[in-house]
Amino acid sequence: MAQDGLVVDIAQVEDFRFMVHFAQGDLMTDEPPPTGTGSGPQPTELLAAAVANCLMASLLFCLNKSHTETGPLRARAHGHTGRDASGRLRITGIDVTLIAPGATPRCLSLFENYCTVTQSVRAGIPINVAVTDEQGRVIHEGRMPSPNPS
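Just so it is clear, the structure is predicted and the values come from calculations on it, not from any experiment. (Residues numbered from 1 in each chain as written. Predicted model: local features only at pLDDT ≥ 70, side-chain atom pairs only at ≥ 80, totals over all residues. Heavy atoms only, no water.)

Some thoughts on the pairing of strand S1 (residues 9-14)
At step 1: Judged from the five bridges that link them, S1 and strand S2 (residues 17-22) form a sheet pairing that is antiparallel. Of the residues in S2, the one forming a bridge with Asp 9 is His 21.
At step 2: Hairpin connection between S1 and S2: a loop of two residues separates the two successive antiparallel strands, and Asp 15 in this loop has a positive phi of roughly 50°. (Pairing = 2+ DSSP bridges. Helix = DSSP H or I, 4+ residues; strand = E, 2+ residues; numbered from the N terminus.)

Okay, here's the thing in structure tokens:
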């Protein structure tokens, strides 16, 4: 990330299809039917992917710094939607499960705090994080209560 921020350009291609221009390449997005055609990821999926990707990168950074051998990391992000008080659709939470063989207790206690995206999004959306081993045993849980309790 640049010191002074980041720049992403977006141009409408057709209807609800947009070309997102990143410095490293382009990505086509679209809304699901009936609004769009579902020909690309929708913005809500990109948000969930950004949270999970940042968490994986943060954990991997710690594991690499501590010279910890690990198998390939994997993640699944599950976004939840619901209606706000005005009846508008909102993301009401994101659950992320990381599969991280060989993750150390020290890294598990640190990595969430260094994830720029997760900590920024958590200011408005609850994000729950679980890390499991290859057998699916939970080895870390990070839960964040809703910032705006009803």
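There is more to say after this.
So, a nonpolar patch on the surface
At step 1: There is a patch of nonpolar side chains on the surface, built from Leu 6, Val 8, Ile 10 and Phe 22 and spanning about 390 Å² of accessible area.
At step 2: Exposure remark for Ile 10: the relative accessible area of 56% places this residue in the exposed category. (Patch = residues over 30% accessible without salt bridge, like charges linked within 9 Å, V, L, I, M, F, W, Y side chains within 5 Å. Areas by Shrake-Rupley, 256 points an atom, 1.4 Å probe, with all protein chains shown as cover. Salt bridge = Lys/Arg side-chain N within 4 Å of Asp/Glu carboxyl O. Buried < 20%, exposed > 50% of the residue type's maximum accessible area, 1.4 Å probe, protein only.)

Here we look at the pattern of salt bridges
At step 1: Following the criterion strictly, the structure yields five salt bridges and no others.
At step 2: For Arg 17, the salt bridge identified is with Glu 14, shortest N-O distance 3.7 Å.
At step 3: Assessed through its relative accessible area of 24%, Arg 17 is described here as partly exposed.
At step 4: The class for Glu 14 is partly exposed, based on a relative accessible area of 45%.
At step 5: Asp 84 is the salt-bridge partner of Arg 90, the closest N and O atoms lying 3.5 Å from each other.
At step 6: Classification of Asp 84 by relative accessible area gives partly exposed; the value is 29%.

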